[in-house]
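Report on the structure
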Amino acid sequence: MEARAHLRYARISPRKVSVVLDLIRNQPVDKALAILQYTQKAACEPLFKLVKSAAANAENNHNMDKNALYVAECFVTPGPTLKRIMPRAQGRAFRILKRTSHVTVVLKEKE
C-alpha cells in the first residue's frame with residue numbers, strides 16, 4: 001500500500017528541487033518534515049506542503065498508520081519551460097528560460 005502526492009507546474013528549476021529531495025529520500029515522515037522545515041532552500045516550502053499532503057492522503061484515504069510512514073520514493077521531472085527575452089547591448093535579445101517542475105512523493109508503511 002502506498003500514498004502519493006503530486007506537485008505540478010512548480011515554478012522552480014528541477015535541479016534545485018532534486019538537491020532537497022535527496023535529503024528526505026528513505027526518511028521517516030516526521031524526520032523528513034523536520035529536515036524540510038529547517039533547510040534554507042527555496043524548494044523546501046512547497047516540498048513541505050507536498051509531504052504533509054501525502055501523509056494526509058495516507059491517513060485519510062488508505063487508513064495507514066501515520067507514525068509508520070516513510071518517504072519511499074520522491075522524484076522530480078521537468079515541466080514546460082517558459083521562454084522570456086531580456087534586452088542586451090546593441091539591440092540583441094537574450095533568452096531567459098524559466099523552468100518548471102513536476103514533483104512526486106510516494107509514502108509507504110514500514111513493516
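As a reminder, the structure under discussion sits directly above these lines.
Because the structure is a prediction, the values reported are computed rather than measured.

About the cut-offs
- Residues numbered from 1 in each chain as written.
- Predicted model: local features only at pLDDT ≥ 70, side-chain atom pairs only at ≥ 80, totals over all residues.
- Heavy atoms only, no water.
- Phe/Tyr/Trp six-rings, centres within 6.5 Å; stacked < 30°, edge-to-face > 60°.
- Lys NZ or Arg CZ within 6 Å of the ring centre and 35° of its normal.
- Salt bridge = Lys/Arg side-chain N within 4 Å of Asp/Glu carboxyl O.
- Buried < 20%, exposed > 50% of the residue type's maximum accessible area, 1.4 Å probe, protein only.
- Axes fitted to C-alpha atoms, helices over the stretch in contact; angles between N-to-C directions.
- Helix = DSSP H or I, 4+ residues; strand = E, 2+ residues; numbered from the N terminus.
- Parallel < 35°, antiparallel > 145°, perpendicular 65-115°, else oblique.
- Left-handed = near helix turned anticlockwise from the far one by under 90°.
- Contact = heavy atoms within 4.5 Å.
- Nonpolar A, V, L, I, M, F, W, Y, C, P; charged D, E, K, R; others polar.
- Arc of directions from axis to C-beta.
- Polar contact = N/O pair within 3.5 Å; in protein donor to acceptor, adjacent residues only side chain to side chain.

**A look at the packing of aromatic side chains**
All told, the structure shown has zero aromatic pairs when counted by the stated rule. The ring of F94 has R88 lying over it, and the distance from NZ or CZ to the ring centre is 5.1 Å.

**Remarks on the pattern of salt bridges**
As enumerated under the stated definition, the model contains two salt bridges in all. Note that E2 and R4 form a salt bridge whose closest N and O atoms lie 3.1 Å from each other. One salt bridge in this structure joins D22 and R25, with 2.7 Å as the shortest N-O distance. Judged by its relative accessible area of 32%, R25 is partly exposed.

**Things to note about the packing of helix 2 (residues 29–38) against helix 3 (residues 44–61)**
Across the interface, helix 2 lies against helix 3 with an axial gap of 9 Å and an inter-helix angle of 160 degrees. Between helix 2 and helix 3, the angle falls in the class roughly antiparallel. Both helix 2 and helix 3 take part in a crossing whose hand is left-handed. Contacts from V29, L33, L36 and Q37 in helix 2 reach C44, L47, F48, V51, K52 and A55 in helix 3. Considering only residue class, the contact of helix 2 with helix 3 consists of eight nonpolar, one polar and one charged.

**Examining helix 1 (residues 14–24)**
Each turn of an α-helix holds 3.6 residues, which means side chains three or four residues apart point in the same direction. Those residues of helix 1 not exposed but buried are P14, V17, V20, L21 and I24. For helix 1, the angular spread of the buried residues around the axis is 125 degrees, confining them to a single face. In helix 1, the exposed positions that point more than 90 degrees away from the buried face belong to R15 and K16. Where the residues of helix 1 are buried, they touch helix 2, helix 3, strand 2 (69–78) and strand 5 (101–109). Backbone geometry just downstream of helix 1 places N26 in the positive-phi region, at approximately 65 degrees.

**Structural notes on the side chain of S101**
Considering the arrangement of structural elements, one finds S101 in strand 5. Looking at S101, the relative accessible area reads 0%, which means it is buried. A distance of 2.5 Å separates the side chain of S101 from the backbone oxygen of I12, its partner in a polar contact. Once residues within four sequence positions are removed from consideration, S101 is found in contact with L7, R8, Y9, A10, I12, S13, P14, V17, V76, T77 and G79.

**As for unusual backbone geometry**
Even without being glycine, N26 reaches a positive phi, approximately 65 degrees. Along the chain, the position of N26 falls in the loop between helix 1 and helix 2. For N63, which is not a glycine, the phi torsion comes out positive at approximately 55 degrees. One can find N63 in the loop between helix 3 and strand 2.

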